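Residue-level structural notes
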Amino acid sequence: MDSKVLVIEDDVLLRRAYDRILSVQHSVVSVGSCSDALLELSRTKFDAVISDIDLPGQSGVDLLRQIRAQHQEMNFIFITGCPTTETAQAAVNLGAMGYLTKPVAADALNKIVAKATSASVSAKTTLPARLNGLTHRFDGALEKLWMAFQPIVSVPERKVMGYEALLRTAEPSLGAPPDFLATAQHLGQLDRLGRAIRSKVSETIATATDPDVKFFINVHATDLLDPQFGSDDCPLVPFANRIVLEITERASLEVIDDAHARIARLRKRGFALAIDDLGAGYSGLTSVMQLEPEVVKLDMSLVRGVDKSRLQQQFVASISRACAGLGMVVVTEGVETAEERETLLALGCTIHQGYLYGRPSRVLAAPTF
Ligand code: G
Ligand code: MN
């Protein structure tokens, strides 16, 4: 009994039933929520995961997507009460091994779990072959990479001040950008991905004639380590004075040797700097103070429902006042409703980004006001 199986099912009776059936041949851990599942996965190496699709607060498909980001090779089996083609499609795209419909018969469950756990055991011996498959998918995703552009607007002037470039790929199994990034990291291919992004973005900037329209590009902490980035071979360099590099507040710059010196070199070449996702948690305002960016982007968690929360209003007002006082431009991200727009304007935040003005799109689309 050396195979380990994680069962995720919020219905206590079903959970006990699966546990009982599977415990005969496997060592089983069963949990009732996504957060407990993620906790168990961080502690133990499982050979297979069986998950209900309808979980409280989150769909099993989203959970699988999240787990895939950390555990590329995990064998997944879904159980659902009401099968739809969308969930089936999503499950297949994410590489789920099987799909059972409720009520689940004991022998069907045993059979599919046996298949999953033996796949895991053989994977241990044929890891290079499996990595080959992943590499192949990653190469496909890179080939089918494209960039979406979302407008950033000055609301009082009804003017576009820039576009944020966002990663996309037409390869379905890596369609979610976090999965694509995690796979690049897993395969040690972040440099290749970063270079492909920079090359694609530069093609679009070359077509944009207005020099006042800036391009905001997300920079992964490890991009800073790529010698090509900011060198004469970097396709963004000719456009540097129209580019704002977004460094997320979550990026742990401390792990990068001389990150600050590397950022200083990029600025010397003419790039501006933005702190992304400010207020999403993590290191707080310290990175802003240290990097003195030209732009700060307030995270959408501060914007969502800002019209209804006095606490959020206070946060947004005080952070943006402090940043503006230091000469930084404040962008509020994820503005979706007219109420959020009006509240932000009343708080003095005039530069907005969000679905209210435009979704990310292949072309440099004009925003709606
Ligand atoms: O972490 P970063 O700020 O770079 O993430 C930007 C992400 O936010 C993109 O994936 C983009 O599609 C998404 N996004 C942009 N505007 C909105 C919005 O108004 N609402 C929501 N929910 N997401 C948005
Ligand atoms: Mn961003």
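Given the structure is predicted, the values throughout are model-derived calculations rather than measurements.

Focus: the coordination of the manganese ion (ligand 2)
Coordination sphere of the manganese ion (ligand 2), protein contribution only: Glu164 (OE), Asn218 (OD1), Glu246 (OE) and Asp276 (OD), at 2.1 to 2.4 Å. Between the donor residues of the manganese ion (ligand 2), the gaps in sequence give the motif E-x53-N-x27-E-x29-D. With a gap of 58 residues between them, Asn218 in strand S10 (residues 214–219) and Asp276 in strand S12 (residues 272–278) connect regions that are remote in the sequence. By relative accessible area, Asn218 is classed as partly exposed at 31%.

Notes on the pattern of salt bridges
Within the structure shown, the criterion is met by 18 salt bridges. Residues Lys297 and Glu164 are paired through a salt bridge, measuring 2.8 Å at the closest nitrogen-oxygen approach. One end of the pair, Lys297, is in strand S13 (residues 295–298); the other, Glu164, is in strand S9 (residues 159–169), and 133 residues separate them in sequence. Residues Lys297 and Glu164 agree in their burial class; the two are buried. It is possible to trace a salt-bridge network through shared partners that takes in Glu164, Glu246, Lys297 and Glu333.

Focus: the domain arrangement of the protein
Split by domain assignment, the protein resolves into domain 1 (4–125) and domain 2 (136–353). The gap between the C-alpha centroids of domain 1 and domain 2 is 35 Å. Contacts between domain 1 and domain 2 engage five residues on the former and seven residues on the latter. Both sides together, the interface formed by domain 1 and domain 2 hides about 550 Å², and carbon and sulfur atoms give 49% of it. On the surface where domain 1 and domain 2 come into contact, there are zero salt bridges. Linking domain 1 to domain 2 there are zero residue pairs in polar contact (both at pLDDT 80 or more). Here the side of domain 1 that touches domain 2 is built from residues that sort into two nonpolar, two polar and one charged.

Observations concerning the packing of aromatic side chains
Per the stated rule, a full pass over the model turns up six aromatic pairs. A ring pair is formed by Phe76 and Phe78, whose centres lie 6.3 Å apart and whose planes are at 40°; its orientation type is tilted. A ring pair is formed by Phe229 and Phe271, whose centres lie 6.3 Å apart and whose planes are at 55°; its orientation type is tilted. Here Phe271 lies in the loop between helix H9 (259–268) and S12 and Phe229 lies in the loop between S10 and strand S11 (243–248), a separation of 42 residues in the sequence. Residue classification places Phe229 among the buried residues on the basis of a relative accessible area of 9%. Aromatic ring contacts, followed pair by pair, group Phe149, Tyr163 and Phe215 into a single cluster. Of note, Arg359 hangs over the ring of Tyr355, and the distance from its end group to the ring centre comes to 3.8 Å.

Cut-offs used in this document
Residue positions within a chain follow its written sequence, with the count starting from 1. Labels are handed out in written order, letters beginning with A for the chains and numbers beginning with 1 for the ligands. In keeping with the model being predicted, local features are shown solely for residues with a pLDDT of at least 70 and side-chain atom pairs are shown and tallied solely at 80 or more, while totals for entire chains, interfaces and linings include all residues. To get the side-chain values, all heavy atoms of the structure are used, and hydrogens and water are removed first. Only nitrogen, oxygen and sulfur atoms qualify as donors, and only when within 2.8 Å of the metal (3.2 Å in the case of Na, K and Ca); with water excluded, sites may look incomplete. Put simply, DSSP marks the helices as runs of H or I at least four residues long and the strands as runs of E at least two long, and each gets a number from the N terminus on. Exposure classes here rest on a 1.4 Å probe applied to the protein chains alone. A residue is buried below 20% of its type maximum, exposed above 50%, and partly exposed in between. Each reported salt bridge corresponds to a side-chain nitrogen of Lys or Arg within 4 Å of a carboxyl oxygen of Asp or Glu. What fixes the domain bounds is an automatic or database domain assignment. By definition, residues are in contact when any of their heavy atoms lie within 4.5 Å. A 1.4 Å probe defines the accessible area here, and the buried area is the portion of it lost by two parts on being joined, summed over both. Here a polar contact means two N or O atoms within 3.5 Å. Within protein one must be a hydrogen donor candidate and the other an acceptor candidate, and residues neighboring in sequence count only if both atoms are side-chain atoms. Each residue is assigned to one of three groups, with Ala, Val, Leu, Ile, Met, Phe, Trp, Tyr, Cys and Pro labelled nonpolar, Asp, Glu, Lys and Arg labelled charged, and all others, Gly among them, labelled polar. We call Phe, Tyr and Trp rings a pair once their centres come within 6.5 Å, taking the six-membered ring for Trp, and we label the pair stacked below 30 degrees between planes, edge-to-face above 60, and tilted otherwise. When the NZ atom of lysine or the CZ atom of arginine is within 6 Å of a ring's centre and also within 35 degrees of its normal, the charge is said to sit over that ring.

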